[in-house]
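Summary of structural features
Okay, here's what each chain looks like letter by letter:
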Amino acid sequence: MTDEKIALRALLEKSSDANVLRDMIDFAAHRLMELDVDGLCGAGHGERSAERVNQRNGYRDRDWQTRAGTVELRIPKLRKGAYFPAFLEPRRMAEKALTAVIQEASIQGISTRSVDDLVKAMGMEGISKSQVSRLCAEIDERVQSFLTRPIEGDWPYLWLDATYVKARRDRHIVSVAVIIAVGVNTDGRREVLGMTVGHSEAEPFWVEFLRSPTRRGLRGVKLVTADAHEGLKAAVTKVLSATAQRWRVHFLRNALAYAGKSQRRIPGSRPGTSAWIGTAFAQHDAEAARKQWRQVADQARPRLPRLANLMDEAEADVLAYMNFPVQHRPKLHSTNPLERLNGEIKRRSDVVGIFPNEDAVVRLVGALLLEQHEEWAVQRA
């Protein structure tokens, strides 16, 4: 009889009928996690093997709410990469955070009518302030632990983006920017590296935001893809000593605005402005891209001088990604890696409408980022 069968039989013999199902779920869950991690490591726990590719690095505790009751899980951690069991519900933390924000707004008497209706529909009318405080504290602890965790290794590529939500501050409703940083390391692993809430996009704000992950260990950044903000560009140079890549899509929108409705075609060219500028992006190397870029700008200069000047000023920022490996370029010139995240944030924040305070913004968005981080870990595994 195997050790696993002996352990399961002993567990069932000493458990009461009421706890049998929960104990069996506990046993099966931990066994599944052990098998998963053995496969990721290439060897069993404590086993010496030439095929080993990774090592365990302790555990993290997590409560798993099941129909049989709460199961206390000990999820294995790895020295390289991350592990998250696929059988856990990936959205549970975000749903709890959304519930906490709605409850907080309702109890403080500052919720919108749509939120009040949602509170009634969810059967949360009788919840107390102490219950909401405990739920918020539980989520805040996990979110802050995630946002302040150490960062290891080199992260050559970094994406920054901002989305805007409404929150109450000093009895006024204000629009606040939620800034998110996502990075890819030298192993190709993608992670959420930082998040903050701010009211200004001036250089001091960006400097402080970028210094936070660097204090936690961020290093080796070579390219930062973001929108065109002079304050951000200066902060990237000052803090990370990296190159700033301007979003191509946003630049092309600006270019069309400069061309005007009646001048969407560059004189002497058959395609429209976007397609003609895009010929520079189709080049195979940075030198050829710059040459084509200048040719398009010079062709536009006689009749569209503002567009030509815009291209002159933006050349280095828009074509920065061309100096990096060809296989990496398709994802370096845009913030596509953040589109799903921003979509989720908008979807959940639309439910809330107006956040009761900025802490509630961090709570909900931080929970979403934590779960996305764990989903990426599962996909990578």
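Throughout what follows, the structure given in this document is the object of discussion. Owing to the predicted nature of the structure, the values given are computational and were not obtained by experimental measurement.

Glancing now at the overall build of the protein chain. Regarding its fold elements, the protein chain presents 13 helices and eight strands. Every one of the 381 residues in the protein chain was classed for burial, and the buried ones make up 45%. Accessible surface, the protein chain: about 20,200 Å² in total, of which carbon and sulfur atoms supply 49%.

Before going further, it helps to examine the pattern of salt bridges. Enumeration according to the criterion identifies 17 salt bridges in this entry. For Arg 56, the salt bridge goes to Glu 34, with nearest N and O atoms at 2.8 Å. One end of the pair, Arg 56, is in strand β1 (residues 56-66); the other, Glu 34, is in helix α2 (residues 17-41), with 22 residues separating them in the sequence. When its relative accessible area of 16% is taken as the criterion, Arg 56 is described as buried. Its salt-bridge partner being Glu 374, residue Arg 62 comes within 3.6 Å of it at the nearest N-O pair. With Arg 62 in strand β1 and Glu 374 in helix α13 (residues 358-380), the pair connects residues that are 312 residues apart, well separated along the chain. Overlapping salt bridges bring together Glu 34, Asp 38 and Arg 56 as one network.

Before going further, it helps to examine the pairing of strand β4 (residues 172-184). Most of β4 sits out of view: ten of its 13 residues are buried. In this sheet, β4 lies alongside strand β3 (residues 157-169) in antiparallel orientation, the contact comprising 13 bridges. Directly across from Thr 163, in β4, lies its bridge partner Val 178. The sheet contact formed by β4 and strand β5 (residues 190-198) spans eight bridges and is antiparallel. Note that in β5 the partner of Gly 183 across the bridge is Glu 191. In sequence, β4 turns back onto β5 through a hairpin of five residues, with Gly 188 there showing a positive phi of about 85 degrees.

The next subject is the packing of helix α8 (residues 248-259) against helix α9 (residues 273-281). Look at α8 against α9: their axes get within 10 Å of each other, and the N-to-C directions meet at 140 degrees. As the angle between them shows, α8 and α9 are arranged oblique. Crossing hand, α8 versus α9: right-handed. Along its contact with α8, which presents Arg 248, Phe 251, Leu 252, Ala 255, Leu 256 and Ala 259, the element α9 presents Thr 273, Ser 274, Ile 277 and Phe 281.

Another aspect to go through is helix α7 (residues 230-240). Gly 231, Leu 232, Ala 235, Val 236, Val 239 and Leu 240 are the residues of α7 that are buried. Projected down its long axis, α7 carries its buried residues within an arc of 135 degrees, all on one side. In α7, the exposed residues that point more than 90 degrees away from the buried face are Glu 230 and Lys 238. Next to the buried residues of α7 lie β3, α6 (203-215), β6 (223-226) and β7 (243-246). One or two positions beyond α7, positive phi appears at Ser 241, with a value near 50 degrees.

Of note in this structure, Asp 170 is not a glycine but carries a positive phi near 55 degrees. By secondary structure assignment, the location of Asp 170 is in the loop between β3 and β4. On the accessibility criterion, Asp 170 (65% relative accessible area) is exposed. Its identity is not glycine, yet Arg 171 carries a phi of approximately 70 degrees, on the positive side. Along the chain, Arg 171 turns up in the loop between β3 and β4. On the accessibility criterion, Arg 171 (85% relative accessible area) is exposed.

So, on to the nonpolar core. Nonpolar side chains in soluble globular proteins tend to end up buried together. Ile 180, Met 195, Phe 251, Ile 277 and Trp 293 are the most contacted members of the largest nonpolar core, which has 60 residues in total. It is α13 that contributes the most residues to this core, ten residues altogether. Dropping the residues within four chain positions of it, Ile 180 is found in contact with Trp 159, Leu 160, Asp 161, Gly 194, Met 195, Phe 209, Leu 338, Leu 341, Asn 342, Ile 345 and Leu 369. Within the second largest apolar cluster, 23 residues are counted, among which are Trp 155, Ala 181, Phe 209 and Leu 232.

Moving on, we come to the environment of Ala 181. Structurally, Ala 181 can be placed in strand β4. The class for Ala 181 is buried, based on a relative accessible area of 4%. Here the alpha-carbon distance between Ala 181 and Leu 338, two residues 157 residues apart in the chain, equals 8.7 Å. With sequence-adjacent residues up to four places away left out, Ala 181 is seen in contact with Leu 158, Trp 159, Leu 160, Glu 191, Val 192, Leu 193, Gly 194 and Phe 209.

Take the packing of α9 against helix α10 (residues 286-300) next. Axis separation between α9 and α10 bottoms out at 7 Å; the angle between their running directions is 155 degrees. The orientation of α9 relative to α10 falls into the category roughly antiparallel. Counted together, Trp 276, Ile 277, Thr 279, Ala 280 and Phe 281 of α9 and Ala 289, Gln 292, Trp 293, Val 296 and Gln 299 of α10 form the full contact between these two elements. Looking at the contact of α9 with α10, its residues break down into seven nonpolar, three polar and no charged.

The rules behind these values
Residues numbered from 1 in each chain as written. Predicted model: local features only at pLDDT ≥ 70, side-chain atom pairs only at ≥ 80, totals over all residues. Heavy atoms only, no water. Helix = DSSP H or I, 4+ residues; strand = E, 2+ residues; numbered from the N terminus. Buried < 20%, exposed > 50% of the residue type's maximum accessible area, 1.4 Å probe, protein only. Areas by Shrake-Rupley, 256 points an atom, 1.4 Å probe, with all protein chains shown as cover. Salt bridge = Lys/Arg side-chain N within 4 Å of Asp/Glu carboxyl O. Pairing = 2+ DSSP bridges. Axes fitted to C-alpha atoms, helices over the stretch in contact; angles between N-to-C directions. Parallel < 35°, antiparallel > 145°, perpendicular 65-115°, else oblique. Left-handed = near helix turned anticlockwise from the far one by under 90°. Contact = heavy atoms within 4.5 Å. Arc of directions from axis to C-beta. Core = buried A, V, L, I, M, F, W, Y, C linked by side-chain atoms within 4.5 Å. Nonpolar A, V, L, I, M, F, W, Y, C, P; charged D, E, K, R; others polar.

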